[in-house]
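# Topology and contacts: notes
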Amino acid sequence: MTPVAAMPVPVVVSAYRSPSCGCCKGWLEHLRKAGFTVKDYVTSDLASVKQRYGVPSLLQSCHTARIGGYTVEGHIPVSTIQRLLKERPQVAGIAVPGMPLGSPGMESPSKKESYTVFTFTESGRTQAFQTVKGDG
C-alpha cells in the first residue's frame with residue numbers, strides 16, 4: 001500500500017468580536033478563504049479579552065484573535081499572519097491599530113491606506129513588523 005501524505009493540520013483562529021461589528025466578519029471571511037479554521041466568539045466585553053492577552057492600548061482595534069500561540073489584533077492580512085507563523089518571533093503578538101481603509105474587512109473601492117503592523121511583547125514593548133502599502 002502506498003503511504004498517503006499527511007494533510008497539514010489547519011491553523012485554528014479563536015476570534016473575539018462584538019455582536020455589531022460588520023468589518024470583523026469581513027476579516028474572518030478573509031481568514032476562512034485562506035484556509036484557516038475560525039472559531040468566532042461574540043462578546044460584549046472585548047476590553048477584558050484585550051487585557052487578558054496583553055494588547056497595548058495604543059495598538060487596539062475592533063477585534064482580537066489567538067492564532068498559533070500569538071495574539072493577533074485588528075485587520076491584519078493573511079500574508080502577515082503567515083509570516084508571523086513562519087518566523088515565530090519572540091513576541092506576544094502583532095497588531096494593527098484602528099481600522100485602516102483597504103485592510104481585510106475594511107475594503108474600500110476608492111481608497112487603500114498604507115499602514116504598519118506592530119509586534120508587542122508581554123512587557124508592552126512595541127516594534128514595527130511590516131508595512132502594508134496602500135494604493136490610494
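Everything that follows concerns the structure shown earlier in this document.
Residues numbered from 1 in each chain as written. Predicted model: local features only at pLDDT ≥ 70, side-chain atom pairs only at ≥ 80, totals over all residues. Heavy atoms only, no water.

It is worth spelling out the overall build of the protein at this point. Counting its secondary structure elements, the protein contains three helices and seven strands. Each helix and strand of the protein, placed in order from N terminus to C terminus, yields the pattern β-α-β-α-β-β-α-β-β-β. For 136 residues, the compact-globule estimate of 2.2 N^0.38 gives 14 Å, and the C-alpha radius of gyration of the protein, at 15 Å, lies within 12% of that figure. Accessible surface for the protein amounts to roughly 7,600 Å². Of this, 53% is attributable to carbon and sulfur atoms. (Helix = DSSP H or I, 4+ residues; strand = E, 2+ residues; numbered from the N terminus. Rg over C-alpha atoms; globule rule 2.2 N^0.38 Å. Areas by Shrake-Rupley, 256 points an atom, 1.4 Å probe, with all protein chains shown as cover.)

Okay, the pairing of strand β4 (residues 70–73) next. The alternating pattern of β4 places Tyr70 and Val72 and Thr71 and Glu73 on opposite faces, both of which are buried. The turn joining strand β3 (residues 63–67) and β4, which pair antiparallel and follow one another in sequence, is formed by two residues; a positive phi near 55° is taken by Gly68. (Buried < 20%, exposed > 50% of the residue type's maximum accessible area, 1.4 Å probe, protein only. Pairing = 2+ DSSP bridges.)

Applying the stated criterion across every chain, the model contains two aromatic pairs. Centre to centre, the rings of Tyr16 and Tyr41 are 5.2 Å apart; their planes meet at 20°, and the pair counts as stacked. Here Tyr16 is found in strand β1 (residues 12–17), whereas its partner Tyr41 is found in strand β2 (residues 37–42), with 25 residues between them in sequence. Residue Tyr41 is classed as partly exposed on the basis of its relative accessible area, which comes to 36%. Ring geometry for Tyr16 and Tyr53: centres 6.3 Å apart, planes at 40°, overall tilted. (Phe/Tyr/Trp six-rings, centres within 6.5 Å; stacked < 30°, edge-to-face > 60°.)

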